[in-house]
Amino acid sequence: MALTNRQVLTLDEFTIREMRAFPKATGELAGLLRDIGLAAKRVNVEVNKAGLVDILGDAGHMNVQGEEVKKLDEFANEQMVGVLRHGISCAGIASEELDDIVVFDDEISKQSKYICMFDPLDGSSNIDVNVSIGTIFSVYRRTTPVGTAVTIDDFLQPGNRIVAAGYVIYGSSTILVYATKRGVNGFTLDPSIGEFCLSHPDVKCPEKGKIYSINHGNYYGFSEGMKEYVERCQTKDKSKGGPYTQRYIGSMVSDVHRNLIKGGIFMYPGTTDKPEGKLRLLYECNPFAYIIERAGGKATDGHMRILDKVPGRLHERTPFFIGSNSMMAELEECLSMDK
Ligand code: P6P
């Protein structure tokens, strides 16, 4: 008798199984994650053929970040907004690609208790050179009453209120990783059945690591403490932890995903001319900070826990340090020189 394939859990089967663990669960969160999985599949199709059709190239205008928007950015944003608006599990969204929040003010959506924030296609400057890119998302309970239209207050919540967060990497394979209070799990898209299948159960970030990720091009803008840590990463003096391997792809989802799996530290510090750094608190830093903490790692802005920062604006940026606990401790020792 032919051997049947080993039965692997699909994303939908997994979220439904997780829901059974919470008797009071309504299935809304499982539904929201299913919607995001659908958007990811549609984005994946376009990303994988971007070089073949006229979907490459700048869409000819600048986004709120002052960056040229590429057509795939817009497509990915439309897919995320579309599935969440037409689903029944989200009352509104905020996107790194949009100036303001989008309120889903139809009667069904207003009854949802969740809101979602996302960077629809992070690293899009890498699209034209075939480097992996990704979608980053986080889910919060709304703070305004269910049944009313969401407001900006529903979005300016600290990351410690996150209910679920995750990312999708469109790379050599397409992987969706998401975290809830029950842990971090990864799913690889099986194109033969068009389903995300559990491939990385219960992901844990190694306590120690040997990989450091930073853009050395900004070195002369670093603080003394930051420069000291970079020196330690390169030193042959093993008593100071190093030498480490430097890996920097320039696509956050790829750099952070590798360090999450293998151990390591990713750093995007502030510099003398940009003390707030480059990365966005709501769309990039909070989701990854939530995921790394659920996997046993740590994320700070150099002084405080990322998840405790109370956002003042949708698009505010923050210095960002994330990774294995032992490397984060070494970093903090160096950054204490700056105080
Ligand atoms: P830099 C991509 O544009 C991005 O937002 C992140 O994905 C990535 O980690 C970072 O910027 C790279 O920035 O200044 O080193 O090119």
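Given the structure is predicted, the values throughout are model-derived calculations rather than measurements. What you see as residue numbers is a count from 1 along each chain, following the sequence as written. In keeping with the model being predicted, local features are shown solely for residues with a pLDDT of at least 70 and side-chain atom pairs are shown and tallied solely at 80 or more, while totals for entire chains, interfaces and linings include all residues. Note: side-chain values were computed over all heavy atoms of the structure, leaving out hydrogens and water.

Engineer: How would you explain the overall build of the protein if you had to name every residue and give the values?
Structural biologist: A helix here means a DSSP run of H or I that spans at least four residues, while a strand means a run of E at least two residues long, and both kinds are numbered starting from the N terminus. When helices and strands are counted, the protein shows eight helices and 15 strands. What you see for the protein is a C-alpha radius of gyration of 20 Å, in line with the 20 Å of a compact globule of 339 residues. With respect to the principal axes defined by its C-alpha atoms, the protein has extents near 60 × 60 × 45 Å. Burial classes follow relative accessibility: with a 1.4 Å probe on protein chains only, a residue under 20% of its type's maximum area counts as buried, one over 50% as exposed, and anything between as partly exposed. Of all 339 residues assigned to the protein, the portion counted as buried reaches 55%. Element-wise, carbon and sulfur atoms account for 52% of the exposed surface of the protein, whose accessible area totals about 15100 Å². Only four residue types enter the charge count, namely Lys and Arg as positive and Asp and Glu as negative; His and the chain termini do not. One atom stands in for each charge, and that atom is NZ of Lys, CZ of Arg, CG of Asp or CD of Glu. Here the protein contributes 39 positively and 45 negatively charged side chains, and the mean placements of these two sets differ by 7 Å. Note on method: radius of gyration uses C-alpha positions; expected globular size equals 2.2 Å times residues raised to 0.38. The protein chains shown are the only cover counted for residues, whose accessible areas, like all others here, come from Shrake-Rupley with a 1.4 Å probe.

Engineer: How would you summarise the domain arrangement of the protein if you had to cite specific residues and measurements?
Structural biologist: All domain edges in this entry derive from an automatic or database-based domain assignment. Split into domains, the protein comes out as domain 1 (11–200) and domain 2 (211–338). Between domain 1 and domain 2, the C-alpha centre-to-centre distance is 24 Å. Once two parts are joined, some of their accessible surface, as seen by a 1.4 Å probe, is lost; buried area is that loss totalled over both. Of the roughly 2800 Å² buried at the junction of domain 1 and domain 2 (both faces included), carbon and sulfur atoms supply 63%. Salt bridge, as used here: a side-chain nitrogen of Lys or Arg that lies within 4 Å of a carboxyl oxygen of Asp or Glu. Inspection of the region where domain 1 meets domain 2 yields one salt bridge. Among the salt bridges present, the one from Arg280 reaches Glu96, with a minimum N-O distance of 3.0 Å. Counting only elements with at least two residues in the side of domain 1 that touches domain 2, the list comes to strand S3 (92–95), strand S5 (114–122), strand S6 (133–141), strand S7 (162–170) and strand S8 (174–180).

Engineer: For the site of the ligand, give the residues involved together with the corresponding values.
Structural biologist: Any residue with a heavy atom positioned within 4 Å of a molecule or strand is treated as near that molecule or strand. The ligand sits among 13 residues. The nearest are Asp122, Asn215, Tyr248, Met252 and Tyr268. In the analysis that follows, any N or O atom pair within 3.5 Å is treated as a polar contact, provided that within protein one partner can donate a hydrogen and the other can accept it, and provided that, for residues neighboring in sequence, both atoms belong to side chains. A distance of 2.9 Å separates an oxygen atom of the ligand from a polar atom in the side chain of Asn215. Contacts to the ligand include Tyr268, whose side-chain N or O atom sits 2.6 Å from an oxygen atom. Out of a free accessible area of 400 Å², the ligand has 84% covered by protein chains. Ten residues, namely Ala, Val, Leu, Ile, Met, Phe, Trp, Tyr, Cys and Pro, are considered nonpolar, four, namely Asp, Glu, Lys and Arg, are considered charged, and the remaining ones, Gly among them, are considered polar. Taken together, the residues of the shell around the ligand sort by class into five nonpolar, four polar and four charged.

Engineer: Describe the sheet that holds S8, with residues and values.
Structural biologist: Hydrogen bonds along the backbone pair up the strands of a sheet, which may run parallel or antiparallel. In this description, strands pair whenever DSSP reports at least two bridges between them. Here we have eight strands laid out as an open sheet, ordered S4-S3-S5-S6-S7-S8-S9-S10, and mixed in their pairing. What marks the edges here is a single partner per strand, and that holds for strand S4 (102–103) and strand S10 (195–200). In the sheet, S6 pairs with S7 via eight bridges, with the strands oriented antiparallel. Across the sheet, the residue bridging to Tyr140 is Ile162, located in S7. Its contacts with the sheet put helix H2 (residues 28–48) on S5, S6, S7, S8, strand S9 (183–190) and S10, and the angle it makes with S7 is roughly 15 degrees. Between two residues, a contact is recorded if the distance between any of their heavy atoms is within 4.5 Å. To obtain each axis, a line is fitted to C-alpha atoms, and for helices this fit is confined to the stretch in contact; angles are then taken between N-to-C directions over 0 to 180 degrees. Contacts from helix H6 (residues 252–262) reach S5, S6, S7, S8 and S10 within the one sheet, and its direction differs from that of S7 by about 110 degrees.

Engineer: Quick one: what's the story with the packing of helix H1 (residues 11–20) against H2, residue by residue and with numbers?
Structural biologist: Between H1 and H2, the shortest axis-to-axis distance is 9 Å and the interhelical angle comes to 165 degrees. Judged by the angle between their axes, H1 and H2 are roughly antiparallel. In the crossing of H1 with H2, the sense of the turn from one axis to the other is right-handed. Residues Leu11, Asp12, Thr15 and Met19 of H1 form the contact with H2, whose own contacting residues are Ala30, Leu33, Arg34 and Gly37. Each angle is binned into one of four classes, with values under 35 degrees roughly parallel, values over 145 roughly antiparallel, values of 65 to 115 roughly perpendicular, and all other values oblique. In a left-handed crossing the near helix is turned counterclockwise from the far helix by less than a right angle, and in a right-handed crossing that turn is clockwise.

Engineer: A description of helix H8 (residues 325–335) should follow, citing residues and the corresponding values.
Structural biologist: When H8 is considered as a whole, its buried residues turn out to be Met327, Met328, Glu330, Leu331, Cys334 and Leu335. Along the axis of H8, the buried residues cluster in a sector spanning 155 degrees; they form a single face. The directions from the helix axis to the C-beta atoms are what the arc is built from.

Engineer: Just give me the short version of the environment of Glu97, but keep the residues and values in it.
Structural biologist: Inspection of the secondary structure assignment puts Glu97 in the loop between S3 and S4. Judged by relative accessible area, Glu97 falls into the buried class, the value being 13%. Linking Glu97 and Asp119, residues 22 residues apart in sequence, is a C-alpha distance of 7.0 Å.

Engineer: Outline the sheet that holds strand S14 (residues 298–300), supporting the account with residue identities and numerical values.
Structural biologist: Strand order in this open sheet of five strands is S12-S11-S13-S15-S14, and the pairing throughout is mixed. This sheet does not close on itself; its edge strands, each paired only once, are strand S12 (245–246) and S14. Inspection of the sheet shows S14 paired to strand S15 (residues 320–323) by three bridges, in the antiparallel sense. Residue Lys298 lies in a different strand from S15, and its bridge partner there is Gly323. The sheet contacts of helix H7 (residues 281–294) involve S14 and S15, and relative to S15 the element is tilted by about 25 degrees.

Engineer: Tell me about H7, and please be specific about residues and values.
Structural biologist: Residues spaced three or four apart along an α-helix point in a common direction, a consequence of the helix completing one turn every 3.6 residues. Most of H7 is tucked away: 12 of the 14 residues are buried. The complete set of buried residues in H7 reads Leu281, Leu282, Tyr283, Glu284, Cys285, Asn286, Pro287, Phe288, Ala289, Tyr290, Ile291 and Ile292. One or two steps after H7, the chain reaches Gly296, where phi turns positive at roughly 100 degrees.

Engineer: Hey, could you go over the nonpolar core for me, with residue numbers and the actual values?
Structural biologist: Only buried residues count toward a nonpolar core. Its members are Ala, Val, Leu, Ile, Met, Phe, Trp, Tyr and Cys residues joined through side-chain atoms within 4.5 Å. Among the nonpolar cores identified, the biggest contains 41 residues, and Tyr167, Phe288 and Phe320 are the most heavily contacted of them. If you list the elements that add at least two residues to this core, you get S5, S6, S7, S8, H6, strand S13 (265–268), H7 and S15. Sorting elements by how many residues they give to this core places H7 first, with nine residues. Counting the residues that make up this core, at least three belong to each of domain 1 (11–200) and domain 2 (211–338). When near neighbours in sequence (up to four residues on either side) are disregarded, Phe320 contacts Met252, Phe266, Met267, Tyr268, Pro269, Leu279, Cys285, Phe288, Ala289, Ala299, Thr300 and Ile306.

Engineer: Which residues make up the environment of Tyr248, and what values go with them?
Structural biologist: Its place among the elements puts Tyr248 in the loop between S12 and H6. Each C-alpha atom of the pair Tyr248 and Glu107 lies 46 Å from the other, and the pair is 141 residues apart in sequence. Excluding anything up to four places from it in sequence, Tyr248 contacts Ser213, Ile214, Asn215, Asp255, Phe266 and Tyr268.

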